[in-house]
Amino acid sequence: MTDGVYMFSVGDFKCVSISDGSQLIDAQMLPTFFVGSTNDELARTLRWHGLSPDYLDLQSNCLLIDTGDERILVDSGGGSVYHAVLGKVVPGLAAAGYQPGDIDTIVLTHGHLDHVCGGLDKDGAFVFPNARQIMARGEWEYWTEETDAAAMGAALVADVQFTQDCLRALRSQMTLIEPGDEIAPGIRSIATPGHTRDHMSLAVTSGAGRLICVADTMDLPIHIERTTWHPAWDQAPEQAMTSRRMLLRRAVEEDALIHAFHFPFPGLGYVREDGDGWRFEPYE
Ligand SMILES: [Zn+2]
């Protein structure tokens, strides 16, 4: 199988986890993924997970769900314009046998640029010409109408403006829904606010197969064990932790596979109860 493309199934649905690339996080930035940890706790936990304290290779994993009737892409990735290291979703789809024109629906879990900007090429043309893009209404409004980029912190201004421009350019493809709405038979959005205002996850059901797309409710497997640690850019950290714990409980109850956008590729595994908490078991 091609690097960065992993095929699996959920009931009758054919699924492909597709790497959009990865971003190198340096030693200075790394602790910002784990606000709430002490230096000692973080050093010990990284060691336990076999991770370096000097850098983090943050993956981006998009997901294709082919229901037979519809081809649904979960997040379009970062595109190749802003981050030269991202934008690998189209070659990944091709390796799995799909062309951009085959995609019927793109679900945007939230308005961060590594999730929504893959829909435009460098000339501003639609990458997925036949797709409708689905986003939570509140999330769309937040990013396109209300957001004052400067208010989100000087370091983020360029990111936020790029995202806003990108989303506005996609407007004619956009269908807005309420979190919790059904997207297609067997695919329903789940309201998981906190990381962003109306961040959405997805529940995928086909036959006995269960998959939960957790998107950015957890960035790394460490966030499954340490549910009080969170990235510095969670907009509402308490609410984000509540959303994360709700999904972890649900994944255990349903014995559902999870797909996590930023986990090590292919981002798939099970959540297991462990003492009072949880741990991640990668999918073999
Ligand atoms: Zn992300």
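Use the structure listed above.
Everything numeric here is computed off the predicted structure, so don't read it as measured data.

**Re the coordination of the zinc ion**
Consideration 1: Coordination of the zinc ion by the protein is provided by Asp 114 (OD), His 115 (NE2), Asp 216 (OD) and His 262 (NE2), with metal-donor distances spanning 2.1 to 2.7 Å.
Consideration 2: Site description for the zinc ion: donor spacing in sequence, D-H-x100-D-x45-H. Here Asp 216, found in the loop between strand S11 (209-213) and helix H6 (222-225), pairs with His 262, found in the loop between strand S12 (257-259) and strand S13 (268-274); they are 46 residues apart in sequence, far enough to count as distant.
Consideration 3: Taking relative accessible area as the criterion, Asp 216 reaches 4% and is therefore assigned buried.

**Remarks on the environment of Leu 156**
Consideration 1: Locating Leu 156 in the fold gives a position in the loop between helix H4 (137-146) and helix H5 (157-169).
Consideration 2: C-alpha separation for the pair Leu 156 and Gly 101, spaced 55 residues apart in sequence, amounts to 33 Å.

**So, the layout of surface pockets**
Consideration 1: Computed from the structure, the largest pocket encloses a volume of approximately 680 Å³.
Consideration 2: Around the largest pocket, the lining comprises 27 residues; the ones closest to its centre are Met 29, His 112, Leu 156, Asp 159 and Trp 233.
Consideration 3: Elements represented by at least two residues in the lining of the largest pocket include exactly strand S2 (13-26), helix H3 (113-116) and H5.
Consideration 4: Considering only residue class, the lining of the largest pocket consists of twelve nonpolar, nine polar and six charged.
Consideration 5: Estimates place the volume of the second largest pocket at around 350 Å³.
Consideration 6: Lining the second largest pocket are 17 residues, with His 49, Leu 51, Leu 220, Pro 221 and Pro 264 sitting closest to its centre.
Consideration 7: Listed by contribution, the elements that provide at least two residues to the lining of the second largest pocket are strand S3 (55-66), H6 and strand S14 (277-282).
Consideration 8: Broken down by element, the lining of the second largest pocket gets its largest block of residues, four residues, from S3.

**Re the pattern of salt bridges**
Consideration 1: Using the criterion set out here, one finds ten salt bridges in the structure.
Consideration 2: Glu 254 serves as the salt-bridge partner of Arg 250, at 3.1 Å between the closest nitrogen and oxygen. Taken as a pair, Arg 250 and Glu 254 lie in helix H7 (residues 237-254) at a separation of four residues, close to a single helical turn.
Consideration 3: Owing to a relative accessible area of 25%, Arg 250 belongs among the partly exposed residues under this scheme.
Consideration 4: You can call Glu 254 partly exposed: its relative accessible area is 31%.
Consideration 5: Taking the shortest distance from any N to any O, the salt bridge between Arg 279 and Glu 281 comes out at 3.9 Å.

**A short note on the environment of Ala 84**
Consideration 1: When you line up the elements, Ala 84 lands in the loop between strand S4 (71-74) and helix H2 (89-95).
Consideration 2: According to the relative accessible area criterion, Ala 84 is exposed, its value standing at 74%.
Consideration 3: Along the primary structure Ala 84 and Thr 163 are separated by 79 residues, whereas in three dimensions their C-alpha atoms are 16 Å apart.

**Things to note about helix H1 (residues 39-48)**
Consideration 1: Among the residues making up H1, those that are buried are Leu 42, Thr 45 and Leu 46. Each buried residue of H1 lies within a common arc of 100° when the element is viewed along its axis, so the set occupies one face. Seen from the open side of H1, the exposed residues pointing more than 90 degrees away from its buried face are Asp 40, Arg 47 and Trp 48.
Consideration 2: In the core, the buried residues of H1 are packed alongside H6.

**Observations concerning the sheet that holds strand S1 (residues 5-10)**
Consideration 1: Here seven strands make up an open sheet; going across it, the order is S1-S2-S3-S4-S5-S6-S7 and the pairing mixed. Because the sheet does not close on itself, it has two edges, and the strands there are S1 and strand S7 (174-177). Here the average twist between neighbouring strands, direction ignored, is 25°.
Consideration 2: In terms of strand pairing, S2 meets S3 through twelve bridges, oriented antiparallel. By the bridge assignment, Ile 18 is partnered in S3 with Cys 62.

**Digging into the nonpolar core**
Consideration 1: Among the nonpolar cores identified, the biggest contains 30 residues, and Leu 64, Leu 73, Ile 103, Phe 128 and Leu 167 are the most heavily contacted of them.
Consideration 2: Mapped onto this core, the elements with two or more residues apiece are S2, S3, H2, H3, H4 and H5.
Consideration 3: Contacts of Ile 103, omitting those with residues within four sequence positions, involve Leu 64, Arg 71, Leu 73, Leu 93, Phe 128, Asn 130 and Ala 131.
Consideration 4: Core analysis: the next-biggest nonpolar cluster, separate from the first, contains 22 residues, Val 107, Ala 136, Ile 187 and Val 204 among them.

**What to know about the environment of Arg 279**
Consideration 1: Of note, Arg 279 is situated in strand S14.
Consideration 2: Once you skip the residues sitting within four places of it in the chain, Arg 279 turns out to touch Ile 224, Glu 225, Tyr 270, Val 271, Arg 272, Glu 273 and Asp 274.

**Quick word on the packing of aromatic side chains**
Consideration 1: Applying the stated criterion across every chain, the model contains nine aromatic pairs.
Consideration 2: With a centroid separation of 6.5 Å and an interplanar angle of 65°, the aromatic rings of Phe 8 and Tyr 283 are classed as edge-to-face. In this pair, Phe 8 sits in strand S1 while Tyr 283 sits in the segment after S14, placing the two residues 275 residues apart along the sequence.
Consideration 3: Judged by relative accessible area, which is 8%, Phe 8 ranks as buried.
Consideration 4: Aromatic side chains Phe 34 and Trp 229 sit 6.2 Å apart centroid to centroid with 75° between the ring planes, which places their arrangement in the edge-to-face category. Here Phe 34, found in the loop between S2 and H1, pairs with Trp 229, found in the loop between H6 and H7; they are 195 residues apart in sequence, far enough to count as distant.

Cut-offs used in this document
- Residues numbered from 1 in each chain as written.
- Predicted model: local features only at pLDDT ≥ 70, side-chain atom pairs only at ≥ 80, totals over all residues.
- Heavy atoms only, no water.
- Donors = N, O, S within 2.8 Å, 3.2 Å for Na, K, Ca; no water.
- Helix = DSSP H or I, 4+ residues; strand = E, 2+ residues; numbered from the N terminus.
- Buried < 20%, exposed > 50% of the residue type's maximum accessible area, 1.4 Å probe, protein only.
- 1 Å grid on protein atoms, 1.4 Å probe; cavity = no way out; pocket = protein on both sides within 12 Å on 5 of 7 lines; lining within 4 Å.
- Points joined across faces, edges and corners; volume = space filled by probe spheres on them.
- Nonpolar A, V, L, I, M, F, W, Y, C, P; charged D, E, K, R; others polar.
- Salt bridge = Lys/Arg side-chain N within 4 Å of Asp/Glu carboxyl O.
- Arc of directions from axis to C-beta.
- Contact = heavy atoms within 4.5 Å.
- Pairing = 2+ DSSP bridges.
- Axes fitted to C-alpha atoms, helices over the stretch in contact; angles between N-to-C directions.
- Core = buried A, V, L, I, M, F, W, Y, C linked by side-chain atoms within 4.5 Å.
- Phe/Tyr/Trp six-rings, centres within 6.5 Å; stacked < 30°, edge-to-face > 60°.

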